[in-house]
Amino acid sequence: AVTATHLVKRFGERRVVDGVDIAVPSGTIYGVLGPNGAGKTTTLRILLGILEPDEGERRVLGHAHPRDASDSIGYLPEERGLYPNMRARDAIAFLGALHGLSWAEGRRRAAELMTANGLGHAVDTKIRKLSKGMAQLVQLLGSVVHRPALLVLDEPFSGLDPVNQERLEKLILAERDRGATVLFSTHVMAHAERLCERIAIIAGGRIRFEGTPDEARGQLPLRARYTPRRED
């Protein structure tokens, strides 16, 4: 679904992305892991065509220019943002309309998605009256309402409480089961372990590991700590 070869992006003298290669198989959940500042967001933005690389090539859903596939992509950016006076259902429908979905169908699907994800009671609630976690979930639903072939999520779990994290994990799995390819970034290994078939670990703008979560764990040395029992 997504391939990239030797992506390089410079900001001034700094190479934020430094020769990244990625291949995301269709119909899988693929995680990009790394600490803050590792280059994850910049890499995703290059893959989506929001930024142009200084070097390298990428293809998204068969297109050399990612924006040619924009109607088949759902994207949740790292910076969240919805119109605060919009009702939740209309906010989702609006995001769907940006990808060619009719307003009536978008509102119908929005109500259906919100009900399925535990937000049915907030269909007509204004965004400014929702909790941060609920608003974030609404924005996520807006990225899937048009049923994209590729879903790209930048730090989707950031700021979510455990209940909404669980809802998000279920939604990601449902999108995969629907046939979508899911690509998401995170700095929390636990989410990748539960969800991903394959992961790439980025540090300093470079891929340091690519493979399955089990293969990643296999590279860690086994450690055991023995604490002798104190005699009373």
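Predicted model, so just to flag it, every value in this text is computed and none were measured. (Residues numbered from 1 in each chain as written. Predicted model: local features only at pLDDT ≥ 70, side-chain atom pairs only at ≥ 80, totals over all residues. Heavy atoms only, no water.)

Trainee: For this particular structure, what's the right way to read the packing of helix α4 (residues 132–144) against helix α5 (residues 162–178)?
Mentor: In contact at an axis separation of 11 Å, α4 and α5 are set at 5 degrees when each is read in the N-to-C sense. Classified by the interaxial angle, the pair formed by α4 and α5 is roughly parallel. When α4 is examined against α5, the residues Gly133, Met134, Leu137, Leu140, Leu141 and Val144 are found in contact with a partner set consisting of Asn164, Arg167, Leu168, Leu171 and Glu175. Here the residues of the contact of α4 with α5 sort into seven nonpolar, two polar and two charged. (Axes fitted to C-alpha atoms, helices over the stretch in contact; angles between N-to-C directions. Helix = DSSP H or I, 4+ residues; strand = E, 2+ residues; numbered from the N terminus. Parallel < 35°, antiparallel > 145°, perpendicular 65-115°, else oblique. Contact = heavy atoms within 4.5 Å. Nonpolar A, V, L, I, M, F, W, Y, C, P; charged D, E, K, R; others polar.)

Trainee: Which parts of the structure should I look at to understand the sheet that holds strand β2 (residues 14–24)?
Mentor: Paired through backbone hydrogen bonds, the strands of a sheet run either parallel or antiparallel to each other. Spatially, β2-β1-β4 is the arrangement adopted by the three strands of the open sheet, whose pairing is antiparallel. Every interior strand has two partners, whereas the edge strands, β2 and β4 (55–60), have only one. Direction aside, neighbouring strands of the sheet carry axes that sit 25 degrees apart on average. Most of the contacts of helix α1 (residues 40–48) go to strand β1 (residues 2–11), to which it runs at about 120 degrees, and overall it touches β1, β2 and β4. (Pairing = 2+ DSSP bridges.)

Trainee: Looking at this model, I keep getting lost on the packing of helix α2 (residues 88–97) against helix α3 (residues 103–116). Mind explaining?
Mentor: The axes of two packed helices give the description: the angle between them and the distance between them. Interaxial distance between α2 and α3 falls to 8 Å at its minimum, and their mutual angle equals 125 degrees. Accordingly, the angle class assigned to the pair α2 and α3 is oblique. Relative to α3, α2 is oriented so that their crossing is right-handed. Counting all contacts with α2, which are made through Ala88, Arg89, Asp90, Ile92, Ala93 and Phe94, the residues of α3 involved are Trp103, Gly106, Arg107, Ala110, Ala111 and Met114. In terms of residue class, the contact of α2 with α3 is made up of eight nonpolar, one polar and three charged. (Left-handed = near helix turned anticlockwise from the far one by under 90°.)

Trainee: Would you take a moment to explain the sheet that holds strand β3 (residues 29–33) for this structure?
Mentor: With mixed pairing, the six strands of this open sheet are ordered in space as β5-β6-β7-β3-β8-β9. The sheet terminates laterally at β5 (73–76) and β9 (206–211), the two strands that pair on one side only. Strand after strand, the sheet turns through a mean of 15 degrees between neighbouring axes, direction not considered. Bridging between β3 and strand β7 (residues 181–186) involves five bridges; their strand directions are parallel. The residue bridging Leu33 from the neighbouring strand is Thr186, located in β7.

Trainee: Where do I start with the nonpolar core in this structure?
Mentor: Buried together is how nonpolar side chains tend to be arranged in soluble globular proteins. With 38 residues, the main nonpolar core has Met114, Leu130, Val138, Leu153, Ile172 and Phe184 as its most contacted residues. At the level of elements, β3, α2, α3, α4, β6 (150–154), α5, β7 and α6 (189–195) are the ones that each hand at least two residues to this core. For this core, the leading source of residues is α4, giving seven residues. Residue contacts for Phe184: discarding those within four places in its chain leaves Ile29, Tyr30, Gly31, Val32, Leu153, Pro156, Phe157, His191, Ala192, Leu195 and Cys196. Leu7, Ile46, Leu47 and Ile73 belong to the second largest nonpolar core, which has 23 residues in total. (Core = buried A, V, L, I, M, F, W, Y, C linked by side-chain atoms within 4.5 Å. Buried < 20%, exposed > 50% of the residue type's maximum accessible area, 1.4 Å probe, protein only.)

Trainee: Before we go on, may I ask you to explain the side chain of Thr181 in this structure?
Mentor: Along the polypeptide, Thr181 turns up in strand β7. Beyond its immediate stretch of four places on either side in the chain, Thr181 contacts Ala1, Val24, Pro25, Ser26, Gly27, Thr28, Ala149, Leu150 and Leu151.

Trainee: Would you mind showing me how to read α5 here?
Mentor: Given 3.6 residues to a turn, an α-helix orients residues that are three or four positions apart in the same direction. With 17 residues, α5 extends 24 Å from end C-alpha to end C-alpha; this agrees with the ideal 24 Å at 1.5 Å per step. Residues Asn164, Leu168, Glu169, Leu171, Ile172 and Glu175 constitute the buried set of α5. For α5, the buried positions fall inside an angular range of 160 degrees around the axis, keeping them on one side. In α5, the exposed residues that point more than 90 degrees away from the buried face are Pro162, Lys170 and Asp177. Lining the buried residues of α5 we find β3, α4, β6, β7 and α6. Capping the start of α5, Asp161 holds a side-chain oxygen 3.0 Å from the backbone nitrogen of Val163, two or three residues further along. (Expected span 1.5 Å × (residues − 1). Arc of directions from axis to C-beta. Polar contact = N/O pair within 3.5 Å; in protein donor to acceptor, adjacent residues only side chain to side chain.)

Interpretation note: all reported values are geometric properties and have no functional meaning in isolation.
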